[in-house]
Amino acid sequence: MTDSWTVAGRTFNSRLIVGTGKYKDYEQNAAAARASGAEIVTVAVRRVNLTDPNQPMLMDYVKQDEFTYLPNTAGCFTGEDAVRTLRLAREAGGWNLVKLEVLSDPKTLYPDMEETLRSLKLLVKDGFDVMVYCSDDPVYAKKLEEAGACAIMPLGAPIGSGLGIQNKVTLRIIIENAKVPVLVDAGVGTASDAAAGMELGCDAILMNSAIAEAKDPVRMAVAMKHAVIAGREAYLAGRMPKKLYADPSSPLAGLI
Amino acid sequence: MTKILLNGTESDVAAANVLALVEGLGIDPRKVAVERNLEIVPKSAYLNTPLEDGDRLEIVHFVGGGN
């Protein structure tokens, strides 16, 4: 049984997207990405180290024939920075599918939604398919969709916090109202958080730190793979109603 | 020699164009993107993009990153 999802005309079977930051080295990074079953990995654009051009390169480990690169704008604080970064990414690899994030406060890494929306409009005009990292605000989520976002990616909790999903109510509202894919992006700390996110009905989950900062990243990648599948299946299966009191699952009739 | 700002550092380079610069640095042109004075230089234009005094060049590539 296939349970795929589609973003901007591209179809994927894995509902887990993994980041490629914070790993011990690119080798461990590639092993974790493979173990997670992810088909998409997020990548950042940075200056080449010109004093040592022979340093290991991401592309040599996390290979593009194995993974779809999703270039992001991590570290950008203005629309102009974001557009410039993604134009370079497009030139480096020919990608049109990108992830926009425009941050505000370095302490919370919360997205600057006004600037995010403005950047999105610039990128859409420039021909990009833009997946947008955003706050869990249903009003802004709708505005992003109307401005042409190909996916809405609300945070579950601050980036790198590992706190788990903080506001299921707003995420549910965003998911129910969106006509484009919704991905929970950031905040997952452990497998149950990923399952909880998928149980809300989102299309996929993006995470980095939860795997990279685990004591055994490759093993946590396997856990996340299963958690995302479990959460998705539970969502599709439809959970039982919650009740205040007990309800025996063995028949009461025929007791001796 | 041409005086350029290369990845934020003032540099004197002998290369006459972007292709010579990238190859001279030992970089595989397929793995990077180049920006000159805030304009993308397409890979097909490396040879025909000259370097002039005061140019601002950025050579970037993909690195690990999540959010």
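Rules and cut-offs
Residues numbered from 1 in each chain as written. Chains lettered and ligands numbered in written order. Predicted model: local features only at pLDDT ≥ 70, side-chain atom pairs only at ≥ 80, totals over all residues. Heavy atoms only, no water. UniProt positions renumbered as here; feature names shortened; annotations may be inferred. Buried < 20%, exposed > 50% of the residue type's maximum accessible area, 1.4 Å probe, protein only. Helix = DSSP H or I, 4+ residues; strand = E, 2+ residues; numbered from the N terminus. Contact = heavy atoms within 4.5 Å. Pairing = 2+ DSSP bridges. Axes fitted to C-alpha atoms, helices over the stretch in contact; angles between N-to-C directions.

The name recorded for chain B in an unreviewed UniProt entry is Sulfur carrier protein ThiS, from Asticcacaulis aquaticus.

Where an unreviewed UniProt entry is consulted, chain A appears under the name Thiazole synthase, with the organism given as Asticcacaulis aquaticus. UniProt lists a comment for chain A under the heading Function (unreviewed entry), and it reads "Catalyzes the rearrangement of 1-deoxy-D-xylulose 5-phosphate (DXP) to produce the thiazole phosphate moiety of thiamine. Sulfur is provided by the thiocarboxylate moiety of the carrier protein ThiS. In vitro, sulfur can be provided by H(2)S." Recorded in UniProt under Sequence similarities (unreviewed entry), the annotation for chain A is "Belongs to the ThiG family."

(A) Seen up close, helix H7 (residues 191-199) of chain A. Residues and elements named next belong to chain A. Burial within H7 is extensive, with seven of its nine residues counted as buried. Of all the residues in H7, the buried ones are Ala 191, Asp 193, Ala 194, Ala 195, Ala 196, Gly 197 and Met 198. Looking at the buried residues of H7, the elements they touch are helix H6 (168-177), strand S10 (204-207) and helix H9 (217-237). Once H7 ends, the next one or two residues include Gly 201, with phi positive near 100 degrees.

(B) View of the sheet that holds strand S7 (residues 129-134) of chain A. Residue and element names in this part refer to chain A. If you walk across this open sheet you meet the three strands as S6-S7-S8, and the pairing is parallel. Only two strands of the sheet have a single neighbouring strand rather than two, namely strand S6 (97-100) and strand S8 (151-154). Each neighbouring strand pair of the sheet contributes to a mean axis angle of 20 degrees, computed without reference to strand direction. Here four bridges tie S6 to S7, and the two strands are oriented parallel to one another. Looking at the pairing, Lys 99 lines up with Met 131 of S7. On top of the sheet, helix H4 (residues 113-125) reaches S6 and S7; it is set at about 175 degrees to S7, its chief contact.

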